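Structural description and commentary
The primary structure of each chain is shown beneath.
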Amino acid sequence: RKEVEQDPGPFNVPEGATVAFNCTYSNSASQSFFWYRQDCRKEPKLLMSVYSSGNEDGRFTAQLNRASQYISLLIRDSKLSDSATYLCVVFNYNQGGKLIFGQGTELSVKP
Amino acid sequence: ETGVTQSPTHLIKTRGQQVTLRCSSQSGHNTVSWYQQALGQGPQFIFQYYREEENGRGNFPPRFSGLQFPNYSSELNVNALELDDSALYLCASSFSGTGDSPLHFGNGTRLTVT
């Protein structure tokens, strides 16, 4: 079983749609959680951290459920510029400082 | 503020050869991590360096080795290249390796092994 698993995608949605990405992680001792965004043939960039109480940044909302070991990202009012691969990322300090990435979910927003 | 820079951007090598990839960390950052990203996959952690010492390692064989220099720049060396080593190699720097400091990635080096 992979340490971090995401919806396989791709997601194809029209502009203005709401889309949700799901992610599960296997290590219950994981301490920090993030969503990164990666554009085609570019490097990953931090989109947002994910906090236990849930957090919002504009059109983006992240949720964490530690009991279920589940992370989500909701994008409201999708824009063409949201088209990218979204990577779910988990950190456990006891695993030598590494971030563990999911395989990514590709989003394509169409006009 | 200078971002993370990697060189070269693209590289083609033959199976069995050796390769060195380079990374200059963002100014003020003392931690460098290296990741391998195969096509269609998320980045996989290779190792991390903090103040010139290896600070953690992923499931990669010993032919993957690294260095960090006093100016916090870093090298990734891969010996005896295999076809499966073809991937995008990403360097990321941060202020610390504790996970609460965001990673800043370079543009990557795309390695092709033939």
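Calculation rules
- Residues numbered from 1 in each chain as written.
- Chains lettered and ligands numbered in written order.
- Predicted model: local features only at pLDDT ≥ 70, side-chain atom pairs only at ≥ 80, totals over all residues.
- Heavy atoms only, no water.
- Helix = DSSP H or I, 4+ residues; strand = E, 2+ residues; numbered from the N terminus.
- Rg over C-alpha atoms; globule rule 2.2 N^0.38 Å.
- Buried < 20%, exposed > 50% of the residue type's maximum accessible area, 1.4 Å probe, protein only.
- Contact = heavy atoms within 4.5 Å.
- Areas by Shrake-Rupley, 256 points an atom, 1.4 Å probe, with all protein chains shown as cover.
- Lys, Arg positive; Asp, Glu negative; His and termini not counted.
- Charge placed at Lys NZ, Arg CZ, Asp CG, Glu CD.
- pLDDT = per-residue confidence, 0-100.
- Salt bridge = Lys/Arg side-chain N within 4 Å of Asp/Glu carboxyl O.
- Buried area = accessible area lost by both parts, 1.4 Å probe.
- Polar contact = N/O pair within 3.5 Å; in protein donor to acceptor, adjacent residues only side chain to side chain.
- Pairing = 2+ DSSP bridges.
- Core = buried A, V, L, I, M, F, W, Y, C linked by side-chain atoms within 4.5 Å.
- 1 Å grid on protein atoms, 1.4 Å probe; cavity = no way out; pocket = protein on both sides within 12 Å on 5 of 7 lines; lining within 4 Å.
- Points joined across faces, edges and corners; volume = space filled by probe spheres on them.
- Nonpolar A, V, L, I, M, F, W, Y, C, P; charged D, E, K, R; others polar.
- Axes fitted to C-alpha atoms, helices over the stretch in contact; angles between N-to-C directions.

On to the overall build of chain A. If you tally the helices and strands in chain A, you get zero helices and 11 strands. Secondary structure elements of chain A occur, N-terminal to C-terminal, as β-β-β-β-β-β-β-β-β-β-β. A compact globule built from 111 residues would reach a C-alpha radius of gyration of about 13 Å, and chain A, at 14 Å, matches this within 12%. Counting all 111 residues of chain A, 48% fall into the buried class. Across chain A, the fraction of contacts at a sequence separation of at least 24, relative to all contacts at a separation of at least 6, is 57%. Of the roughly 5300 Å² of accessible surface on chain A, a fraction of 47% belongs to carbon and sulfur atoms. Across chain A, the centroid of the 12 positively charged side chains sits 4 Å from that of the 11 negatively charged ones.

Next up on the list: the confidence of the model for chain B. Per-residue confidence for chain B gives a mean pLDDT of 92; residues scoring 70 or more make up 95%. No element of chain B has a lower mean pLDDT than strand 6 (residues 53–57) of chain B, at 89, and none a higher one than strand 11 (residues 109–113) of chain B, at 98.

Residues and elements named next belong to chain B. Across all of its chains, the model carries eight salt bridges over all chains by this definition. Between arginine 22 and glutamate 75 there is a salt bridge, with the nearest N and O atoms lying 3.5 Å from each other. You can see arginine 22 sitting in strand 3 (residues 19–24) and its partner glutamate 75 sitting in strand 8 (residues 74–78), a full 53 residues away along the chain. Relative accessible area serves as the criterion here: at 42%, arginine 22 is assigned to the partly exposed category. According to the relative accessible area criterion, glutamate 75 is buried, its value standing at 15%. Close ionic contact of arginine 57 with glutamate 54 constitutes a salt bridge, the shortest N to O distance being 3.5 Å. Where salt bridges share partners, they join Arg63, Glu82 and Asp85 into one cluster.

Before going further, it helps to examine the interface of chain B and chain A. Of the residues lining the interface, 22 residues belong to chain B; the matching set on chain A comes to 19 residues. Summed over both partners, the interface of chain B with chain A comes to about 1600 Å²; 53% of that surface belongs to carbon and sulfur atoms. Along the contact surface separating chain B from chain A lie zero salt bridges. Our count for the contact surface shared by chain B and chain A stands at three residue pairs in polar contact (both at pLDDT 80 or more). Elements with a minimum of two residues in the side of chain B that touches chain A: strand 4 (31–37), strand 5 (44–50), strand 6 and strand 9 (87–94) of chain B. Examining the composition of the side of chain B that touches chain A, we find that three residues originate from one element, strand 5 of chain B, more than from any other.

Another point: the pairing of strand 3 (residues 19–25) of chain A. Residues and elements named next belong to chain A. Going residue by residue along strand 3, you find Val19, Phe21, Cys23 and Tyr25 tucked away on one face and Ala20, Asn22 and Thr24 left uncovered on the opposite face. The pairing of strand 3 with strand 8 (residues 70–75) spans six bridges and is antiparallel. Paired with valine 19 across the bridge in strand 8 is isoleucine 75.

In terms of nonpolar packing, the biggest core is built from 24 residues, with Phe21(A), Trp35(A), Ile71(A), Leu73(A), Ile75(A), Tyr86(A) and Leu107(A) touching the most fellow members. Those elements that provide at least two residues to this core are strand 3, strand 4 (32–38), strand 5 (44–50), strand 7 (60–65), strand 8, strand 9 (84–91) and strand 11 (105–110) of chain A. Among residues more than four places away in sequence, those in contact with Leu73(A) are Val19(A), Ala20(A), Phe21(A), Trp35(A), Leu47(A), Met48(A), Phe60(A), Thr61(A) and Tyr86(A). Grouped together as the second largest cluster of nonpolar side chains are 19 residues, Trp34(B), Phe64(B), Val78(B) and Tyr89(B) included.

It is worth spelling out the layout of surface pockets at this point. In this structure, the largest pocket spans a volume of roughly 570 Å³. For the lining of the largest pocket, the secondary-structure elements that each account for two or more residues are strand 9 and strand 11 of chain A together with strand 9 and strand 11 of chain B. Looking at which element gives the most residues to the lining of the largest pocket, the answer is strand 11 of chain B, with three residues. Of the residues belonging to the lining of the largest pocket, the class tally is nine nonpolar, 12 polar and five charged. Reported here for the second largest pocket is a volume of approximately 280 Å³.

A separate point is the sheet that holds strand 3 of chain B. Residue and element names in this part refer to chain B. Taking strand neighbours across the sheet as the criterion, the four strands line up as 1-3-8-7 in an open arrangement whose pairing is antiparallel. Lying at the two open borders of the sheet, with one neighbouring strand each, are strand 1 (5–7) and strand 7 (64–68). Direction aside, neighbouring strands of the sheet carry axes that sit 15° apart on average. In this structure, strand 1 lies alongside strand 3, joined through three bridges in antiparallel fashion. Within strand 3, the position partnered with serine 7 by the bridge is arginine 22.

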